[in-house]
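Observations on chain architecture
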Amino acid sequence: MKQKITPNLWFEGNAEEAVEFYVSSFPGSKIGSRSYYPKSAEEGLVDFQLDLAGQVLTIDFELGQLGFTAINAGPEFKVNPSISFMLNFDPLTDDKAEEHLDELWHKLSQGGQILMPLDAYPFSKRYGWVKDRYGVTWQLILTDPEGEPRPFIIPSLLFTKKNTNRAEEAINYYVSIFEDSKVGDLAHYPEDTGPAKKRALGFGDFMLADQWFAAMDSGVEHDFMFNEGVSLSVACKDQEEINTYWEKLSSDPQFEQCGWCKDKFGVSWQIVPENMEELMIKPDAFAKMMEMKKI
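Description of the structure in this document. (Residues numbered from 1 in each chain as written. Predicted model: local features only at pLDDT ≥ 70, side-chain atom pairs only at ≥ 80, totals over all residues. Heavy atoms only, no water.)

Some remarks on the sheet that holds strand 7 (residues 124-131)
Read from one edge of the open sheet, eight strands run 6-7-8-5-9-12-11-10, paired in mixed fashion. In the strand order of this sheet, the two ends are held by strand 6 (113-121) and strand 10 (182-188), each with one partner. Pairwise comparison of adjacent strand axes, ignoring direction, gives a mean angle of 20° for this sheet. When strand 6 meets strand 7, the two strands line up antiparallel, connected through five bridges. (Pairing = 2+ DSSP bridges. Helix = DSSP H or I, 4+ residues; strand = E, 2+ residues; numbered from the N terminus. Axes fitted to C-alpha atoms, helices over the stretch in contact; angles between N-to-C directions.)

Side note on the packing of aromatic side chains
Across all of its chains, the model carries 28 aromatic pairs by this definition. Between the aromatic rings of phenylalanine 123 and tyrosine 127, the centroid separation amounts to 4.9 Å while the plane-to-plane angle is 80°, which identifies the pairing as edge-to-face. Summarising the aromatic geometry, the rings of tyrosine 174 and phenylalanine 206 are spaced 6.4 Å apart at their centres and angled 20° between planes, so their arrangement reads as stacked. Taken as a pair, tyrosine 174 in helix 3 (residues 167-177) and phenylalanine 206 in strand 11 (residues 201-208) lie far apart in primary sequence, 32 residues in all. The residues tyrosine 174 and phenylalanine 206 share a single accessibility class, namely buried. Members of the aromatic cluster, connected to one another through ring pairs, are Phe11, Phe21, Tyr22, Phe26, Phe61, Phe68, Phe85, Phe89, Tyr134, Trp138 and Phe152. Positioned above the aromatic ring of tryptophan 212, the side-chain terminus of arginine 150 is 3.7 Å from the ring centre. Cation over ring: lysine 264 sits above tyrosine 173, and NZ or CZ is 4.1 Å from the ring centre. (Phe/Tyr/Trp six-rings, centres within 6.5 Å; stacked < 30°, edge-to-face > 60°. Buried < 20%, exposed > 50% of the residue type's maximum accessible area, 1.4 Å probe, protein only. Lys NZ or Arg CZ within 6 Å of the ring centre and 35° of its normal.)

A look at the side chain of threonine 6
Tracing the chain through its elements places threonine 6 in strand 1 (residues 5-12). In terms of polar contacts, threonine 6 uses its side chain to reach the side chain of glutamine 3, at 3.2 Å. Residue contacts for threonine 6: discarding those within four places in its chain leaves Gly67, Phe68, Thr69, Ser231, Leu232 and Ser233. (Polar contact = N/O pair within 3.5 Å; in protein donor to acceptor, adjacent residues only side chain to side chain. Contact = heavy atoms within 4.5 Å.)

Some words on the sheet that holds strand 14 (residues 260-262)
Taking strand neighbours across the sheet as the criterion, the seven strands line up as 2-3-4-1-13-15-14 in an open arrangement whose pairing is mixed. Strands with a single pairing partner mark the edges of an open sheet, and in this sheet they are strand 2 (30-36) and strand 14. The mean angle between the axes of side-by-side strands here comes to 30°, regardless of whether they run parallel or antiparallel. Two strands pair when backbone bridges link them, and strand 13 (residues 230-236) and strand 15 (residues 268-273) are joined in this way by five bridges, in the parallel orientation. Bridged to valine 234 within strand 15 is isoleucine 271. Its contacts with the sheet put helix 4 (residues 239-249) on strand 13, strand 14 and strand 15, and the angle it makes with strand 15 is roughly 170°.

Structural notes on unusual backbone geometry
For glutamine 65, which is not glycine, the phi torsion reads 70° and is therefore positive. At arginine 199, a residue that is not glycine, the phi angle is positive and equals roughly 80°.

Structural notes on the environment of threonine 160
Structurally, threonine 160 can be placed in the loop between strand 9 (153-159) and helix 3. Judged by relative accessible area, which is 2%, threonine 160 ranks as buried. The spatial distance from the C-alpha of threonine 160 to the C-alpha of aspartate 223 is 8.2 Å, given a sequence separation of 63 residues. Apart from the residues lying within four places of it in its own chain, the contact partners of threonine 160 are Ser218, His222, Phe224 and Met225.

Spelled out as structure tokens, the structure:
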């Protein structure tokens, strides 16, 4: 089944370097197709894009059987930990799971920042949260062999500031929008924990379009919220499907541009045709897209 929802990572002019780093760090990974900026303003570039004329615009790549897209752009947005990536090391499928976890932790932490030290916690005997040198955050966890299996990489949404205590609401909202979706395991806070109220979501996972995601309400104060640094693109088969997802996910017209929108929780989505790559090689395609809100 073709991947319906793809995490997009925003980089400030160094997307190619970042992708090479990830593919060299994650076993069994690969780089896919690239797209490029037009070469001039006449072909659709606007002023702030002129420095990137002719350079790589996007790179598709795969880590742990999950497809990603790297966006090579400017300083407009910064990746932050509001959307991180859970890396599940499962002893049932890998008899060297802990060793492989430690190896990847070493690679990702070089030049990065440790958010939670690699250590034993009540929920796992081996867990750590790290921001890599490019600002992307990863949660590495040795999973419980008795738990239900999950994919190796799961995008994880952290609800902070005004969105705290809304994680379970968001899960139910997303599950109502996408087909082949369901709520998975939910664990609630037993008492008030920082900004998270009693019964807020300590951790939960859910499936959208046959893909697993996770969400939680933050039990500590943070200075970040969802932004365009990590967005989720939805590949649509036709205009009707684009219209449907756009209507359900776009909540504020000021954030509608080139197929991008924001939902009521502030998560950024790109609602795009599944043949976007084919469409973008047509004459004046970039210029036409820049004029659109919904594609």
